[in-house]
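# Summary of the model geometry
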Amino acid sequence: MIQNARVLREDWVPQELQHRDGQLQHLSGELKPVAHGLGAESILITGPSGSGKTTIAKYIVRQLEEETLGIRWGYTNCISSPSESALIYSLARDAGRANDLRPEGTPTALLLDRLRELDDHFVAIVDEVDVLEDDSTIHALYDIPNVTLVLVCVSEDAFFADLDSRVASRLRGAAKVSLEKYGHEQLRDILWGRINAGLASGVVNAEAVDYIADVAAGDARHAITLLRRAVRAGVKTGVETLTVEYVQPVREDAREEIHERHVDTLGTHQRHLYEIIRDAEEIGASDLHARYEGRVPEPRVKSTRRKYLQSLERYELITSSGQGRGKRYRFNEP
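Residues numbered from 1 in each chain as written. Predicted model: local features only at pLDDT ≥ 70, side-chain atom pairs only at ≥ 80, totals over all residues. Heavy atoms only, no water.

## Brief notes about the sheet that holds strand 7 (residues 318–321)
The condition is simple: Note on pairing: two strands pair once DSSP finds at least 2 bridges between them. Only DSSP runs of H or I reaching four residues or more are called helices, and only runs of E reaching two or more are called strands; each is numbered from the N terminus. Structural elements are reduced to axes, namely lines fitted to C-alpha atoms, with helices fitted over the stretch in contact, and the angle between N-to-C directions of any two is expressed from 0 to 180 degrees. The criterion used for residue contact is that any of the two residues' heavy atoms lie within 4.5 Å.
One open sheet holds the three strands; their spatial order is 6-8-7, and the pairing between them is antiparallel. Edge strands, defined here as strands with exactly one partner in the open sheet, are strand 6 (282–284) and strand 7. Taking each pair of neighbouring strands and ignoring which way they run, the sheet shows an average axis angle of 20 degrees. Bridge analysis of strand 6 against strand 8 (residues 328–331) gives three bridges, and the strand direction is antiparallel. Along strand 8, the bridge assignment pairs Ile283 with Tyr329. The strands that helix 15 (residues 302–314) touches are strand 7 and strand 8; relative to strand 7, the one it contacts most, it runs at about 115 degrees.

Have a look at this one:
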């Protein structure tokens with residue numbers, strides 16, 4: 001049944017991206033100066049969860065690396081690496097300049113120097129950038145001549161609303177790429193692309209693909225996870241063709257997998273906030289902050305906590321209602 005299991009992972013980057021031609025052309029044009037040994041403007045990619053923001057960023061940078069000498073690139077996610085030191089270390093490691101350094105205790109200035117001393121041009125993909133604890137991190141990377149930033153987040157307006165004015169003034173001129181949720185037919189095409197690349201012919205029927213696209217409602221990450229769970233179930237039972245009847249029973253399994261995967265990516269402080277809300281099931285904002293401050297030796301400031309809570313909502317790990325002191329947070333069952 002399975003010919004290439006990698007294509008069933010949501011982080012797999014295909015050889016060809018479907019339904020993003022205009023955005024790819026735009027990104028390619030913005031990065032063209034890098035291919036000629038020049039720096040490019042920063043790039044900001046926005047869009048809802050599952051719209052392919054991370055995939056399109058990795059795709060275009062990998063393409064640039066294949067076509068151009070003297071290019072390196074790195075990827076980091078601010079959910080799991082929200083501090084300046086963790087983020088810069090992650091990028092320096094991807095650049096091959098941190099193999100002799102420890103993640104803890106290495107001065108950020110040393111890591112930045114390692115990037116600055118690269119002979120190659122370095123493209124840094126910074127995902128979930130709106131959760132970053134310290135805006136000066138972006139400022140420091142922006143100031144390195146041989147580094148080009150590709151920033152990824154859900155909302156441009158929300159990102160700039162919380163951004164330090166010095167950093168915002170630098171990034172206002174960044175190239176903007178906005179993605180929308182996939183339509184039903186587009187999601188079907190994406191699923192068929194994965195199926196044709198990774199599964200034997202005739203393994204999944206058209207009705208099952210339609211059903212998965214309906215359930216996922218424009219979210220490619222959800223659709224691919226559901227497809228993978230259905231294939232896994234089919235392999236266990238030894239079926240020859242996956243139909244809707246084999247997809248329906250694993251719907252909740254797919255949702256739980258997505259939920260747990262999001263939890264696994266959380267950094268220390270996001271996880272504390274998440275666990276407090278999960279254990280309480282529902283809690284007011286004042287109680288939440290009080291419990292967090294009593295639980296964490298070096299608590300983050302409230303503005304940073306609000307970023308974390310917003311990211312937990314985007315991941316659908318929690319929901320909220322109300323405003324100000326009356327705001328309440330509720331654990332979201334998968």
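## Details of the packing of helix 13 (residues 268–280) against helix 15
Counted only if it meets this: Note: crossing handedness is left-handed where the near helix turns anticlockwise from the far helix by less than a right angle, and right-handed where it turns clockwise. Residue classes follow a fixed rule: Ala, Val, Leu, Ile, Met, Phe, Trp, Tyr, Cys and Pro count as nonpolar, while Asp, Glu, Lys and Arg count as charged, and any other residue, Gly among them, counts as polar.
Running from N to C, helix 13 and helix 15 cross one another at 65 degrees; their axes reach a closest spacing of 10 Å. The two elements helix 13 and helix 15 meet at a crossing, and its hand is right-handed. The residues of helix 15 that touch helix 13, namely those facing His269, Gln270, Leu273, Tyr274 and Ile277, are Arg305, Tyr308, Leu309 and Leu312. In terms of residue class, the contact of helix 13 with helix 15 is built from six nonpolar, two polar and one charged.

## Section: helix 3 (residues 84–94)
This is how the line gets drawn: Only protein chains enter the calculation, and the probe is 1.4 Å; a residue is then buried if its accessible area is under 20% of its type maximum, exposed if over 50%, and partly exposed in between.
Every buried residue of helix 3 is listed here: Leu87, Ile88, Tyr89, Ser90, Leu91 and Ala92. At the exit of helix 3 stands Gly96, carrying a positive phi of roughly 80 degrees.

## With respect to the nonpolar core
Going by this rule: To form a nonpolar core, buried Ala, Val, Leu, Ile, Met, Phe, Trp, Tyr and Cys residues must be joined to one another through side-chain atoms within 4.5 Å.
Ranked by size, the top nonpolar core spans 54 residues in total, and within it Leu151 and Phe159 carry the most contacts. The biggest single contributor to this core is helix 3, with five residues. Contacts of Leu151, omitting those with residues within four sequence positions, involve Ile43, Leu44, Ile45, Val126, Val129, Ile138, Phe159 and Leu171. Trp12, Ala216, Leu226 and Val239 belong to the second-largest nonpolar core, a separate cluster that totals 30 residues.

## Brief notes about the side chain of Asp219
Cut-off, in case you're wondering: The sign given to each residue is positive for Lys and Arg and negative for Asp and Glu; His and the chain ends receive no count. Salt bridge, as applied in this entry: a Lys or Arg side-chain nitrogen positioned within 4 Å of an Asp or Glu carboxyl oxygen. What qualifies as a polar contact is a pair of N or O atoms within 3.5 Å, subject to a donor-acceptor requirement within protein and to the restriction that residues adjacent in sequence count only when both atoms come from side chains.
Its place among the elements puts Asp219 in the loop between helix 9 (206–216) and helix 10 (220–237). The side chain of Asp219 is buried and forms no salt bridge, while Arg221, the nearest opposite charge, is found at 4.7 Å. At 3.1 Å, the side chain of Asp219 and the backbone nitrogen of His222 are in polar contact.

## Details of the packing of aromatic side chains
Note the threshold: For this analysis, a ring pair means two rings from Phe, Tyr or Trp (six-membered ring only for Trp) whose centres lie within 6.5 Å, classed as stacked if their planes differ by under 30 degrees, edge-to-face if by over 60, and tilted for the remaining angles. Ring-over charges, as used throughout, are those where CZ of Arg or NZ of Lys falls within 6 Å of the ring centre and within 35 degrees of the ring normal.
Counted under the stated rule, the structure contains two aromatic pairs. Lying over the aromatic face of Tyr75, Lys58 brings its terminal NZ or CZ to 4.3 Å of the ring centre.

## Some words on the sheet that holds strand 2 (residues 71–77)
Spatially, the five strands line up as an open sheet ordered 2-3-4-1-5, and their pairing is parallel. In the strand order of this sheet, the two ends are held by strand 2 and strand 5 (175–178), each with one partner. The mean angle between the axes of side-by-side strands here comes to 15 degrees, regardless of whether they run parallel or antiparallel. Across seven bridges, the pairing between strand 2 and strand 3 (residues 121–127) is parallel. Bridge pairing in strand 3 links Trp73 to Val123. Strands strand 1 (43–46), strand 2, strand 3, strand 4 (147–153) and strand 5 of the sheet are contacted by helix 1 (residues 21–35), whose axis makes an angle of about 155 degrees with strand 5.

## Considerations on the pairing of strand 8
In strand 8, alternate side chains face the same way, and those of Tyr329 and Phe331 are buried while those of Arg328 and Arg330 on the opposite face are not. Examined bridge by bridge, strand 7 and strand 8 share four bridges and lie antiparallel to one another. Looking at the pairing, Ser320 lines up with Tyr329 of strand 8. What sits between strand 7 and strand 8 in their antiparallel hairpin is a turn of six residues, with Gly322 showing a positive phi close to 85 degrees.

## Some details on the confidence of the model for the protein
Detailed reading of the predicted coordinates is not advisable wherever pLDDT is low. To keep things clear, this is the line we draw: pLDDT is a residue-level measure of predictor confidence that goes from 0 to 100.
Model confidence for the protein is summarised by a mean pLDDT of 92, while 100% of its residues fall at 70 or above. Mean pLDDT across the elements of the protein ranges from a minimum in helix 6 (residues 156–161), with 88, to a maximum in strand 8, with 97.

## Some points on the pattern of salt bridges
Enumeration according to the criterion identifies 23 salt bridges in this entry. The partner of Arg261 in a salt bridge is Glu10, with the nearest N and O atoms 3.0 Å apart. On the criterion of sequence distance, the pair formed by Arg261 in helix 12 (residues 251–265) and Glu10 in the segment before helix 1 is long-range, its members being 251 residues apart. With its nearest N and O atoms 3.2 Å apart, the salt bridge here joins Arg278 to Asp279. A residue is classified by how much of its surface remains accessible, and Arg278, at 33% relative accessible area, is partly exposed. Members of the salt-bridge network, linked through shared partners, are Glu10, Arg228, Arg229, Glu257 and Arg261.

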